[in-house]
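# Commentary on secondary and tertiary structure
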Amino acid sequence: MRVIDSHTEGEPTRVIIDGGPDLGTGSVADRAQRLRDDHSWIYAATLAEPRGHDAMVGALLVPPTDPSCVAGVIYYNTVGNLGMCGHATIGLTAVLAHLGRLTPGTHKIETPVGVVSSQLLDRNTVRVTNVESYRHQKGITVDVAGIGPVTGDVAWGGNWFFLTDFDQIDLCLDNVAALTAAAKNIRIALQQAGVTGADGAEIDHIELFGAPKTTAGHGRNFVLCPGGAYDRSPCGTGCSAKLACLAADGKLAARKIWRQESVIGSAYDCSFVGHPSGGVVATIQGRAFITSEATLLFDEGDPFRGGIRNDGR
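Please read all numbers here as calculations on a predicted model, not as lab measurements. (Residues numbered from 1 in each chain as written. Predicted model: local features only at pLDDT ≥ 70, side-chain atom pairs only at ≥ 80, totals over all residues. Heavy atoms only, no water.)

### Considerations on the overall build of the protein chain
In plain terms, the rule: For the purposes of this entry, the term helix denotes a DSSP run of H or I that reaches at least four residues, the term strand denotes a run of E that reaches at least two, and both are numbered from the N terminus. A radius of gyration in this sense is built from C-alpha atoms; the matching globule rule multiplies 2.2 Å by the number of residues raised to 0.38. Exposure was quantified through the Shrake-Rupley algorithm and a 1.4 Å probe, taking into account, for residues, occlusion by the shown protein chains and nothing else. In this tally, Asp and Glu contribute negative charge and Lys and Arg positive charge; neither His nor the terminal groups of the chain are included. Charged groups are reduced to one reference atom each: NZ for lysine, CZ for arginine, CG for aspartic acid, CD for glutamic acid.
Helix and strand counts for the protein chain stand at 5 helices and 15 strands. Relative to a compact globule of 313 residues, whose C-alpha radius of gyration would be 20 Å, the protein chain shows 18 Å and is just as compact. A principal-axis box enclosing the C-alpha atoms of the protein chain has dimensions of 50 × 45 × 35 Å. When the accessible area of the protein chain is evaluated, it comes to approximately 12800 Å², of which 48% is carbon and sulfur surface. For the protein chain, the separation between the mean place of its 26 positive charges and that of its 33 negative charges on side chains is 5 Å.

### A look at the side chain of Thr 283
Spelled out, the test is: Nitrogen and oxygen atoms within 3.5 Å of one another constitute a polar contact, given that in protein one can donate a hydrogen and the other can accept it, and given that sequence-neighbouring residues count only through two side-chain atoms. The criterion used for residue contact is that any of the two residues' heavy atoms lie within 4.5 Å.
Secondary-structure assignment places Thr 283 in strand β15 (residues 280-295). Engagement of the side chain of Thr 283 in a polar contact is seen with the side chain of Thr 129, the distance being 3.4 Å. For Thr 283, the contacting residues outside a window of four places in its chain are Arg 127, Val 128, Thr 129, Asp 269, Cys 270 and Ser 271.

### Regarding the nonpolar core
Heads up, the condition is: Side-chain atoms within 4.5 Å link the members of a nonpolar core, which is a set of buried Ala, Val, Leu, Ile, Met, Phe, Trp, Tyr and Cys residues. Summary of the burial criterion: residues with accessible area below 20% of their type's maximum are buried, those above 50% are exposed, and those between are partly exposed, where the area comes from a 1.4 Å probe applied to protein chains only.
Counting residues in hydrophobic clusters, the biggest one holds 64 residues, and the most contacted among them are Tyr 75, Phe 162 and Phe 222. With 7 residues, helix α4 (residues 176-193) is the largest single contributor of residues to this core. Listed in part, the 16 residues of the second largest apolar core include Ile 16, Leu 23, Ile 42 and Tyr 43.

### Focus: α4
The cut-off we apply is this: Between the first and last residue of a helix there are one fewer steps than residues, each counted as 1.5 Å, and that sum is the expected span.
Over its 18 residues, α4 runs 25 Å from end to end, which matches the ideal 26 Å to within 8%, given 1.5 Å per residue. Taken together, the buried positions of α4 are Val 176, Leu 179, Thr 180, Ala 182, Ala 183, Ile 186, Arg 187, Ala 189 and Leu 190. Its buried side turned inward, α4 meets β8 (125-144), β9 (148-156), β10 (160-165), β11 (205-210) and β12 (219-224). At the exit of α4 stands Gly 194, carrying a positive phi of roughly 75 degrees.

### Here we look at the state of the cysteines
Here is the rule we go by: Note that a disulfide, as used here, is simply two cysteine sulfur atoms within 2.5 Å.
A complete count under the given rule lists 0 disulfides for this structure. Considering cysteine sulfurs only, Cys 235 is the nearest to Cys 85, which forms no disulfide, with 7.0 Å between them. Assessed through its relative accessible area of 8%, Cys 85 is described here as buried.

### Overview of the pattern of salt bridges
The condition that has to hold: Salt bridges are defined by distance alone: a side-chain nitrogen of Lys or Arg within 4 Å of a carboxyl oxygen of Asp or Glu.
Under the counting rule described, the total for this entry stands at 10 salt bridges. Where Asp 249 meets Lys 138, a salt bridge forms, and the shortest distance between an N and an O atom there is 3.3 Å. With Asp 249 in the loop between α5 (236-248) and β13 (258-261) and Lys 138 in strand β8, this pair connects stretches of sequence that are 111 residues apart. Judged by its relative accessible area of 54%, Lys 138 falls in the exposed class.

### With respect to helix α3 (residues 86-98)
For α3, with 13 residues, the first-to-last C-alpha span of 18 Å sits near the 18 Å given by 1.5 Å per residue. Considered for burial, the residues of α3 that qualify are Gly 86, His 87, Ala 88, Thr 89, Ile 90, Gly 91, Leu 92, Thr 93, Ala 94, Val 95 and Leu 96. Within two residues after α3, Gly 100 carries a phi angle of roughly 80 degrees, on the positive side.

### Some words on unusual backbone geometry
Most peptide bonds are trans, and most residues other than glycine sit at a negative phi. Omega for the peptide link from Glu 49 to Pro 50 comes to 10 degrees, which places this bond in the cis form. Mapped onto the fold, Pro 50 is located in the loop between α2 (41-47) and β3 (57-62). Of note in the backbone geometry, Glu 9 takes a positive phi value of approximately 50 degrees without being a glycine. Turning to its location among the elements, Glu 9 is positioned in the loop between β1 (2-8) and β2 (11-18). At Cys 235, a position not held by glycine, the phi torsion is positive, near 75 degrees. By secondary structure assignment, the location of Cys 235 is in the loop between β12 and α5.

### What to know about the packing of aromatic side chains
So the rule is basically this: In summary, the pairing rule links any two rings of Phe, Tyr or Trp, Trp by its six-membered ring, whose centres are within 6.5 Å, and it sorts them by plane angle into stacked for under 30 degrees, edge-to-face for over 60 and tilted for everything else.
If you walk through the whole model with that rule in mind, you get 5 aromatic pairs. An angle of 45 degrees between the planes, with centres 5.6 Å apart, marks the rings of Tyr 43 and Tyr 76 as tilted. You can see Tyr 43 sitting in helix α2 and its partner Tyr 76 sitting in strand β4 (residues 69-76), a full 33 residues away along the chain. You'll find Tyr 43 and Tyr 76 in the same group, each marked buried. Within the aromatic cluster, the residues linked to one another by ring pairs are Tyr 134, Trp 156 and Trp 160.

### Observations regarding the pairing of strand β14 (residues 267-274)
To be explicit about the condition: One requirement defines pairing of two strands: DSSP has to find at least two bridges between them.
In the sheet, β13 pairs with β14 via 4 bridges, with the strands oriented antiparallel. Across the sheet, the residue bridging to Glu 261 is Ala 267, located in β14. Linking two consecutive strands that pair antiparallel, namely β13 and β14, is a turn of 5 residues; a positive phi of about 100 degrees is found at Gly 265 within it. Two elements, β14 and β15, share 6 bridges in a ladder whose sense is antiparallel. Counterpart to Asp 269 in the pairing with β15 is Gln 285. Counting the residues that bridge the hairpin from β14 to β15 gives 5 residues, and of these Gly 278 lies at a positive phi of roughly 110 degrees.

Quick look at the structure:
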């Protein structure tokens, strides 16, 4: 299986360019469901140890069904599919440019949750325009073990998020273990309280917000992803959900830049325009860098051929 690895503002992406499972025909959403139902081995085998690590996100290239798109892609992490992934779309765009399949300009990419556009500004800088993002519920309070009452919003940015202002622990790299534990407890509290996204969808991303640490920033976040790893980047779908909440509260005007810092200090420049349905269409700009090209080997005699599974939950 041929892969190209990159990182987007610190968060790794592994793009499978050849040798992935045959998912047949149909929409990208249909093929994503087939990946989940029939080929879930790929999650840990390609991303978890010993070939990867919990923070990695996979991007499986598939033929698009929309003829206006340059590629179709299914995003996943070590435990399952992702609907959209902002950092991985930036990474995928850089990889396609690295392969000579893209030139600077705007290109459409088909994902399981809809078509997004990706503007390649230079070899490393990409601006992604996401699917519609919106706030689903405002001001939800849950009682969290070890913390107490926590209030936040439920929003969609291509994945489901619970977003909360959080000042109990400083959002810095030294506190990642404590932040991870707090975010996991918030996710458990949401599940116990029956708080979900639309149609009962699981809220699998927790986003903690605090003040920026640079004069250029407008906020800093810590995002816990479904597998239990934290996002090293500011999280593209999480930023989209954040912009939807800011817009709904009248705290950010359309087309005004919001600079979002991550827990490691990297940043995205974000903005939005309104969507006819009432949500927002967010644009996320960041940088990706190619880190390796490799062929993954799967020896039948290897007892860890399928990866070391840990759902991190």
